[in-house]
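# Coordinates in review
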Amino acid sequence: MPTKRGPAPVPPHKPSPELKAAVKAWLEAVDAEEKTRHAARKAIADELIQNPDLPIAALGKSDAIPWDTEMIRRIAREYNVPYRQPNKAPVKP
């Protein structure tokens, strides 16, 4: 009975220095992005903690923040920001 042959073995590949450098640069950029994203999220939480009367929806409508209101709520929960009192927000005439 004939035996079934498996796939041919893949020959080893030695990456070029350019490929190694490109991947290394990309991984460093990913690490930097992660650190700056966490810093931005922490800044949002700090802003909410320092301004207890600031509604989350007001930050969600800000042009300076790339996230919507629901994401800001998630950030607030992640950083244990005290809950807002939605009906207690100051009303401006």
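Residues numbered from 1 in each chain as written. Predicted model: local features only at pLDDT ≥ 70, side-chain atom pairs only at ≥ 80, totals over all residues. Heavy atoms only, no water.

### Describing the overall build of the chain
The number of helices and strands found in the chain is three helices and zero strands. When its helices and strands are written in sequence order, the chain yields α-α-α. A separation threshold of at least 6 residues defines the contact pool for the chain, and within that pool the share at least 24 residues apart is 59%. Carbon and sulfur atoms make up 60% of the accessible area of the chain, which totals about 8,100 Å². (Helix = DSSP H or I, 4+ residues; strand = E, 2+ residues; numbered from the N terminus. Contact = heavy atoms within 4.5 Å. Areas by Shrake-Rupley, 256 points an atom, 1.4 Å probe, with all protein chains shown as cover.)

### Digging into unusual backbone geometry
In the Ramachandran plot, Asn-80 falls in the positive-phi region, its phi being about 55° despite a non-glycine side chain. Along the chain, Asn-80 falls in the segment after helix 3 (69-78). Residue classification places Asn-80 among the exposed residues on the basis of a relative accessible area of 65%. (Buried < 20%, exposed > 50% of the residue type's maximum accessible area, 1.4 Å probe, protein only.)

### Section: helix 3
Among the residues of helix 3, Met-71, Ile-72, Ile-75 and Ala-76 are the ones counted as buried. Down the axis of helix 3, the smallest arc covering the buried residues is 145°, so these residues share one side. Close packing links the buried residues of helix 3 with helix 1 (17-50) and helix 2 (56-60). Positive phi appears at Asn-80, one or two residues downstream of helix 3, with a value of about 55°. (Arc of directions from axis to C-beta.)

### Some remarks on the pattern of salt bridges
When the charged atoms of two side chains with opposite charge come close together, those side chains can pair. Applying the stated criterion across every chain, the model contains five salt bridges. For Arg-73, the salt bridge is made with Glu-70, and the minimal N-O distance between the two is 3.5 Å. Pair noted here: Arg-73 and Glu-70 are both in helix 3, with a separation of three residues, about one helical turn. With a relative accessible area of 36%, Arg-73 lands in the partly exposed category. Owing to a relative accessible area of 33%, Glu-70 belongs among the partly exposed residues under this scheme. Two residues, Arg-77 and Glu-70, come together in a salt bridge whose shortest N-O distance is 3.5 Å. Given the relative accessible area of 48%, Arg-77 is considered partly exposed. Among the ionic contacts, a cluster of salt bridges with common partners joins Glu-70, Arg-73 and Arg-77. (Salt bridge = Lys/Arg side-chain N within 4 Å of Asp/Glu carboxyl O.)

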